[in-house]
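Listed below, chain by chain, are the residues.
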Amino acid sequence: MKHPICIVGGGVIGLLIARELHALGENVMILDRRESGKESSWAGGGILSPLYPWRYPDSVTELARWSQTAYPGMVKELQRDTGIDAEWVRSGLLILGISDTETAVNWARKFAISAKNLESGAIDEIQSGLGMNALDGFWMPDIAQVRNPRLLAALKRDLQKKSIEIVENEAVTGFGIENGELRHIKTDNRTITTDRCIIAAGAWSGDLFAQTGLSIPVKPIRGQMLLYKAKPGLLQRIILKNNRYLIPRRDGRILVGSTLEDVGFDSSTTEAAFQELHETAVEMLPALADVEIEVQWAGLRPGSPAGVPYIGQSPEVKGLYLCSGHFRNGFVLGPASARLVVDLVLGNTPIVDSEPYKIDRVD
Ligand SMILES: Cc1cc2nc3c(=O)[nH]c(=O)nc-3n(C[C@H](O)[C@H](O)[C@H](O)COP(=O)(O)OP(=O)(O)OC[C@H]3O[C@@H](n4cnc5c(N)ncnc54)[C@H](O)[C@@H]3O)c2cc1C
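A brief structural summary.

The rules behind each value
- Each chain carries its own residue numbering, running from 1 in the direction its sequence is written.
- Confidence filtering applies because this is a predicted model: local features only for residues at pLDDT of at least 70, side-chain atom pairs given and counted only at 80 or more, and all residues used for totals across whole chains, interfaces and linings.
- Computation of side-chain values: all heavy atoms of the structure, hydrogens and water removed.
- Secondary structure elements follow DSSP: runs of H or I of four or more residues count as helices, runs of E of two or more count as strands, with numbering from the N terminus.
- As defined in this context, the radius of gyration uses C-alpha atoms, and a globule is described by 2.2 Å times the residue total to the power 0.38.
- Per-residue accessibility, obtained with a 1.4 Å probe over protein chains only, is compared with the maximum for each type, and a residue is labelled buried under 20%, exposed over 50%, and partly exposed between these values.
- Only heavy atoms matter for contacts: two residues are in contact if any of them lie within 4.5 Å across the pair.
- Only the protein chains shown count as cover for residues, and the accessible areas themselves come from Shrake-Rupley with a 1.4 Å probe.
- By the counting rule applied here, Lys and Arg register as positive and Asp and Glu as negative, while His and the ends of each chain are not counted.
- The atoms used to mark charge sites are NZ of Lys, CZ of Arg, CG of Asp and CD of Glu.
- We treat two strands as partners when DSSP finds at least two bridges between them.
- For every element, the axis is a line fit to its C-alpha atoms; helices are fit only across the contacting stretch, and the angle between N-to-C directions ranges from 0 to 180 degrees.
- Any carboxyl oxygen of Asp or Glu that lies within 4 Å of a side-chain nitrogen of Lys or Arg is treated as forming a salt bridge with it.
- Each residue after the first adds 1.5 Å to the expected span of a helix.
- Two axes are fitted around each residue, one to the seven residues ending there and one to the seven starting there, and the angle between them is reported as the bend at that residue.
- Here, the term nonpolar core denotes a set of buried Ala, Val, Leu, Ile, Met, Phe, Trp, Tyr and Cys residues that are joined through side-chain atoms within 4.5 Å.
- Throughout, disulfides are identified as pairs of cysteine sulfur atoms within 2.5 Å of each other.

1. Some thoughts on the overall build of the chain
A tally of regular secondary structure across the chain gives 9 helices and 17 strands. Compactness check: the chain gives a C-alpha radius of gyration of 20 Å against a globular reference of 21 Å for 363 residues, within 12% of the reference. Overall size of the chain, expressed as C-alpha extent along the three principal axes, is 65 × 40 × 40 Å. Considering the chain as a whole, with its 363 residues, one finds that 56% of them fall into the buried category. Counting only contacts in the chain whose residues sit at least 6 apart along the sequence, the fraction spanning at least 24 positions is 74%. In the structure as shown, the chain presents an accessible area of about 15100 Å², 46% of it carried by carbon and sulfur atoms. Averaged over its 39 positive side-chain charges, the chain has a centre that lies 4 Å from the centre of its 44 negative ones.

2. What about the environment of Lys 358?
Along the chain, the position of Lys 358 falls in the segment after helix 9 (330–346). Relative accessible area serves as the criterion here: at 33%, Lys 358 is assigned to the partly exposed category. Along the sequence, Lys 358 and Leu 182 sit 176 residues apart, while their C-alpha atoms lie 19 Å from each other. Residues within four places of Lys 358 in sequence aside, it is in contact with Tyr 310 and Ile 311.

3. Remarks on the sheet that holds strand 1 (residues 5–8)
Backbone hydrogen bonds are what pair the strands of a sheet, in a parallel or an antiparallel way. Overall, mixed pairing links the 6 strands, which are arranged 6-2-1-10-17-16 in an open sheet. With one partner strand each, in any of the chains shown, strand 6 (165–167) and strand 16 (310–313) form the two edges of the open sheet. For this sheet the average axis-to-axis angle between neighbouring strands, irrespective of direction, equals 20 degrees. Here 3 bridges tie strand 10 (residues 197–199) to strand 17 (residues 320–324), and the two strands are oriented parallel to one another. Looking across to strand 17, one finds that Ile 198 is bridged to Tyr 321. Where helix 1 (residues 12–23) meets the sheet, it contacts strand 1, strand 2 (28–31), strand 6, strand 10 and strand 17, and its direction lies at approximately 170 degrees from that of strand 2.

4. Some thoughts on the side chain of Asp 343
One can find Asp 343 in helix 9. Arg 339 provides the closest opposite charge to the buried, unpaired Asp 343, separated from it by 4.8 Å. Setting aside chain neighbours within four positions, we find Asp 343 in contact with Asn 348, Thr 349, Pro 350 and Ile 351.

5. Comments concerning helix 6 (residues 148–161)
Under the 1.5 Å per step criterion, the end-to-end length of helix 6 is 20 Å for 14 residues, consistent within 8% with the ideal 20 Å. Regarding helix 6, the residues found buried are Asn 148, Leu 151, Leu 152, Ala 154, Leu 155, Lys 156, Asp 158 and Leu 159. As for helix 6, its buried residues are in contact with helix 1, strand 2, helix 2 (40–43), helix 3 (58–82), strand 6 and helix 9.

6. Regarding the environment of Phe 175
Relative to the elements of secondary structure, Phe 175 occurs in strand 7 (residues 172–178). Taking the relative accessible area as the measure of exposure, Phe 175 reaches 10% and is therefore buried. The spacing of Phe 175 and Thr 187 is 12 residues in sequence and 8.9 Å in space, taken between C-alpha atoms. Ignoring anything within four residues of it in the chain, the contact list for Phe 175 reads Leu 182, His 184, Ile 185, Lys 186, Cys 197, Ile 199, Leu 208, Thr 212 and Leu 320.

7. Brief notes about helix 3
With 25 residues, helix 3 ought to run about 36 Å at 1.5 Å a step, and its terminal C-alpha atoms sit 35 Å apart, in line with that. Along helix 3, the sharpest kink reaches roughly 40 degrees, centred on Tyr 71 and followed within four residues by the proline Pro 72. When we look at burial in helix 3, the residues that qualify are Ser 59, Val 60, Thr 61, Leu 63, Ala 64, Ser 67, Tyr 71, Met 74, Val 75, Leu 78 and Thr 82. On its buried face, helix 3 sits against helix 1, helix 4 (101–110), helix 6, strand 16 and helix 9. Gly 83, located one to two residues past helix 3, shows a positive phi value of around 80 degrees.

8. Quick look at the nonpolar core
Ile 17, Leu 151, Ile 198 and Val 341 are the most contacted members of the largest nonpolar core, which totals 48 residues. Broken down by element, this core gets its largest block of residues, 9 residues, from helix 9. Apart from residues lying up to four places away in sequence, Ile 198 is in contact with Ile 5, Cys 6, Ile 7, Val 8, Ile 17, Leu 21, Tyr 321, Cys 323, Val 341 and Val 345. Core analysis: the second largest hydrophobic core is formed by 24 residues, Ala 43, Ile 47, Trp 107 and Ile 143 among them.

9. Observations regarding the environment of His 184
Tracing the sequence through the fold places His 184 in strand 8 (residues 181–187). The contact partners of His 184, leaving out residues within four places of it in the chain, are Phe 175, Gly 176, Thr 191, Ile 192, Thr 193 and Thr 194.

10. Section: the state of the cysteines
As enumerated under the stated definition, the model contains 0 disulfides in all. Take Cys 6: it sits in no disulfide, and the sulfur closest to it among the cysteines is that of Cys 197, at 5.9 Å. The class for Cys 6 is buried, based on a relative accessible area of 0%. For Cys 197, a relative accessible area of 0% puts it in the buried group.

Written out as structure tokens, the structure is:
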């Protein structure tokens, strides 16, 4: 048997890569320094669109569109094979109070994305009860969401049922390189022989990759969220205003997020964020003033300068690949990123031009 392709990190990106590789008959192993699927991927909101998508480079839109098409089928397959419903729901995304509407409209036209500019009086037909009816809106009816912890549980169970090895509580600490080629990876308790490894270690990818002598600007950016225990029916749409959003889950719960904080590897929550998110939530949907807040949490996004992930082979080390830096969009870009890196590892024709994602680019 060939040596396994090793994937460092069992977040949404690592799990999706493993699924793709296994589907193409490859022997795969995931290693995670703790329990897989418990870092940024667990903490996220699961909106399947970048926020203000027209403000990103086209390379982000390309991956988002590919993934958005792939999601319904993938979630259905996972439910059939694992019994876990990841709750793909087409909630639509209502964006309030933007000033660059013309750019948004042109972007939607260019990529044939369904979107409509709404005058303030029309907002109530899309979502009633909002506290900001005086604002204009940009309505994207096809935007969906997934319940990310459930998607992670489904992906993990699917891989386990396929007998893919997911090694937890074992950190990858270094790489054995000879003549510019990967020979093995080192963990905190052994050496694993492999000639292909994909780093999908989220916010930790930058530090890990730096061990090979190449620095990439992926660093942690903390995001905090609150969860309201609301009853079904209070909110149907994903609402976005001033970089803060409300997400309605199928059981009625509502998430409000999220902060953007450059505080290193500190994933604690703060009272200041609690107050600010609660005030924003009540301003957006006044009925939330009377709803119990169930929990507050924080996660460390894998931040990258323009939000464009790094996907490709190291220019210095043959066999060492990176798929990281998805920043605020790991779920919406995940399926396409996983497919792209797998195409590159296996030498298949890539689903999109890989040039904009290459590791040694300068943003
Ligand atoms: C508050 C918040 C809201 C968000 N909302 C959305 C959203 O609505 N939509 C969206 O698309 N995205 C959203 N995101 C972003 C999204 O969650 C991330 O982009 C995505 O989860 C990144 O996935 P990942 O697999 O790269 O990283 P992670 O999920 O962080 O996984 C990395 C894994 O690597 C492991 N690891 C690290 N170092 C090592 C090592 N040395 N050896 C072995 N394992 C290692 C970690 O333990 C971890 O399990 C949000 C994020 C946050 C924090």
